[in-house]
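Okay, here's what each chain looks like letter by letter:
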Amino acid sequence: MRILVAGGAGFIGSHVVDRLVELGHEVAALDDLSTGQREFIHRDARLFEADITDRDAVEACLTEWKPEVVDHHAAQIDVRHLLPRLDYTVLRYPNVYGPRQNPHGEEGVNAIFIGLMLHGKQPRIFGTGEQLPRAGEVQRIYLDATRAERVLGWRPRTPFPDGLAKTIAWSRAAGV
């Protein structure tokens, strides 16, 4: 199958690209590389460097690549930049973490804290540490994979300590 992954050079999108290539699909990534990394693109995948908000660039990509499926993972990592004039529905990933996660933005608390601690710095906890996020962000988030398991048959395969250890090892090796 021919698949286009929007945001395919990013933290999550690049892992999706890897898996799709492993499954034998023809895969291309559409990414402007503003937060994604060229080196995250699987060697057997193609990269279309473009912004998903550039209609002409996206149409050119679609015309050239002719994907059967578009898997959209492009996102603004700072959730406070959601455009209020759009009518949208969001299926939100929980607080994901793992190798390739950028510790220099607001992509994930684990990567940010790991990056700071590897450089001998103290992570900053806003407020008392008991509230759920700071002003302008989602105020409360409760995560429970019970329904995903019941409806989709999915459940996490990597225990948190193992995933955290892999994330730390990658961060060290990458020098982040």
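Notes on the structure follow. For every chain, the first residue of its written sequence is number 1, and the numbers climb from 1 along that sequence. In view of the model being predicted, local features appear only for residues whose pLDDT reaches at least 70, and side-chain atom pairs are presented and counted only at 80 or more, with totals across whole chains, interfaces and linings using the full set of residues. Where side-chain values are given, they derive from all heavy atoms of the structure, hydrogens and water being excluded.

## A look at the overall build of the protein
Then, in step 1: Of regular secondary structure, the protein possesses five helices and four strands.
Then, in step 2: Helix numbers and strand numbers start at the N terminus; a helix is a DSSP run of H or I with at least 4 residues, a strand a run of E with at least 2. What you see in the protein, going N to C, is helices and strands ordered as β-α-β-β-α-β-α-α-α.
Then, in step 3: When accessible area is computed with a 1.4 Å probe and restricted to protein chains, residues below 20% of their type maximum are described as buried, those above 50% as exposed, and intermediate ones as partly exposed. The 176 residues of the protein split such that 30% are buried.
Then, in step 4: Only heavy atoms matter for contacts: two residues are in contact if any of them lie within 4.5 Å across the pair. For the protein, restricting intrachain contacts to residue pairs at least 6 apart in sequence, the fraction spanning at least 24 positions comes to 56%.

## Overview of the nonpolar core
Side chains of a nonpolar character, in soluble globular proteins, are inclined to be buried together.
Then, in step 1: Buried Ala, Val, Leu, Ile, Met, Phe, Trp, Tyr and Cys residues that are joined via side-chain atoms within 4.5 Å together make up what is termed a nonpolar core. Judged by nonpolar contacts, Ile3, Val5, Ala9, Val16, Val17, Leu20, Val21, Val27, Ala29, Leu33, Ile41 and Ala45 together constitute the single largest core of twelve residues.
Then, in step 2: Elements supplying a minimum of two residues to this core: strand 1 (2-6), helix 1 (11-22) and strand 2 (26-31).
Then, in step 3: With four residues, the top contributor of residues to this core is helix 1.
Then, in step 4: Residue contacts for Ile41: discarding those within four places in its chain leaves Gly8, Ala9, Ala29 and Leu47.
Then, in step 5: Ranked by size, the runner-up nonpolar core spans eight residues in total, among them Leu4, Ala28, Leu30 and Phe48.

## A short note on the packing of helix 3 (residues 109-118) against helix 5 (residues 160-174)
Then, in step 1: Only the stretch in contact is used when a helix axis is fitted, and all axes are lines through C-alpha atoms; the angle between N-to-C directions ranges over 0 to 180 degrees. Put simply, helix 3 and helix 5 touch, their axes get as near as 10 Å, and they point 50° apart. Classified by the angle between their axes, helix 3 and helix 5 sit oblique to one another. In this structure, the crossing between helix 3 and helix 5 has a hand that is right-handed. Seen from helix 3, the contacting residues are Asn110, Ile114 and Leu118; seen from helix 5, they are Phe160, Leu164, Thr167, Ile168, Ser171 and Arg172.
Then, in step 2: All residues other than Ala, Val, Leu, Ile, Met, Phe, Trp, Tyr, Cys, Pro, Asp, Glu, Lys and Arg, Gly among them, are scored as polar; the first ten of these are nonpolar and the last four charged. By residue class, the composition of the contact of helix 3 with helix 5 is five nonpolar, three polar and one charged. Each angle receives one of four descriptions, namely roughly parallel if under 35 degrees, roughly antiparallel if over 145, roughly perpendicular if within 65 to 115, and oblique otherwise. By the definition used in this description, the sense in which the near helix is turned from the far one sets the handedness, with an anticlockwise turn below a right angle giving left-handed and a clockwise turn giving right-handed.

## Overview of the environment of Arg172
Then, in step 1: Looking at the element boundaries, Arg172 is found in helix 5.
Then, in step 2: Taking the C-alpha atoms as reference points, Arg172 and Leu118, separated by 54 residues in sequence, lie 7.4 Å from one another.

## Regarding the side chain of Ser14
Then, in step 1: Counting through the fold element by element, Ser14 comes out in helix 1.
Then, in step 2: Within the local environment of Ser14, its side chain forms a polar contact with the side chain of Arg100, the two groups lying 3.0 Å apart.
Then, in step 3: For Ser14, the residues in contact, after removing those within four places along its chain, are Gly7, Gly8, Ala9, Phe40 and Arg100. N or O atoms closer than or at 3.5 Å make up a polar contact, with two conditions inside protein: a donor-capable atom paired with an acceptor-capable one, and, for residues adjacent in sequence, both atoms drawn from side chains.

## Quick look at unusual backbone geometry
Glycine aside, the phi torsion of most residues is negative, and most peptide linkages are trans.
Then, in step 1: Here Lys66, not a glycine, exhibits a phi torsion of approximately 50°, which is positive.
Then, in step 2: Within the fold, Lys66 resides in the loop between helix 2 (55-65) and strand 4 (69-72).
Then, in step 3: Given the relative accessible area of 57%, Lys66 is considered exposed.
Then, in step 4: For Arg100, which is not glycine, the phi torsion reads 85° and is therefore positive.
Then, in step 5: Its location among the elements puts Arg100 in the loop between strand 4 and helix 3.

## Side note on a nonpolar patch on the surface
Then, in step 1: For patches, a residue must show more than 30% relative accessible area and have no salt bridge; joins then use 9 Å for like charges and 5 Å for nonpolar side chains, namely Val, Leu, Ile, Met, Phe, Trp and Tyr. Using a 1.4 Å probe, the Shrake-Rupley method yields the accessible areas, and only the shown protein chains count as cover for residues. What makes a salt bridge here is a side-chain nitrogen of Lys or Arg within 4 Å of a carboxyl oxygen of Asp or Glu, nothing more. Taken together, Val151, Leu152 and Trp154 make up a surface patch of nonpolar side chains, about 360 Å² in accessible area.
Then, in step 2: Mapped onto the secondary structure, Leu152 falls in helix 4 (residues 146-152).

## Describing the packing of aromatic side chains
Then, in step 1: Only rings of Phe, Tyr and Trp enter the pairing, Trp through its six-membered ring, and a pair is recorded when the two centres are within 6.5 Å. The plane angle decides the type: under 30 degrees is stacked, over 60 is edge-to-face, the rest tilted. Per the stated rule, a full pass over the model turns up three aromatic pairs.
Then, in step 2: Residues Phe48 and Trp65 carry aromatic rings whose centres are separated by 6.2 Å and whose planes lie at 70° to one another, so their mutual orientation is edge-to-face. With Phe48 in strand 3 (residues 46-49) and Trp65 in helix 2, this pair connects stretches of sequence that are 17 residues apart. Neither residue differs from the other here; Phe48 and Trp65 are each classed as buried.
Then, in step 3: Centroid distance Tyr97 to Phe160: 5.3 Å. Interplanar angle 70°. Geometry classified as edge-to-face. Separated by 63 residues along the polypeptide, Tyr97 in the loop between strand 4 and helix 3 and Phe160 in helix 5 bring together distant segments of the chain.
Then, in step 4: A residue is classified by how much of its surface remains accessible, and Tyr97, at 23% relative accessible area, is partly exposed.
Then, in step 5: Taking the relative accessible area as the measure of exposure, Phe160 reaches 46% and is therefore partly exposed.
Then, in step 6: When the NZ atom of lysine or the CZ atom of arginine is within 6 Å of a ring's centre and also within 35 degrees of its normal, the charge is said to sit over that ring. The side chain of Arg2 reaches across the aromatic face of Trp65, ending 3.9 Å from its centre.

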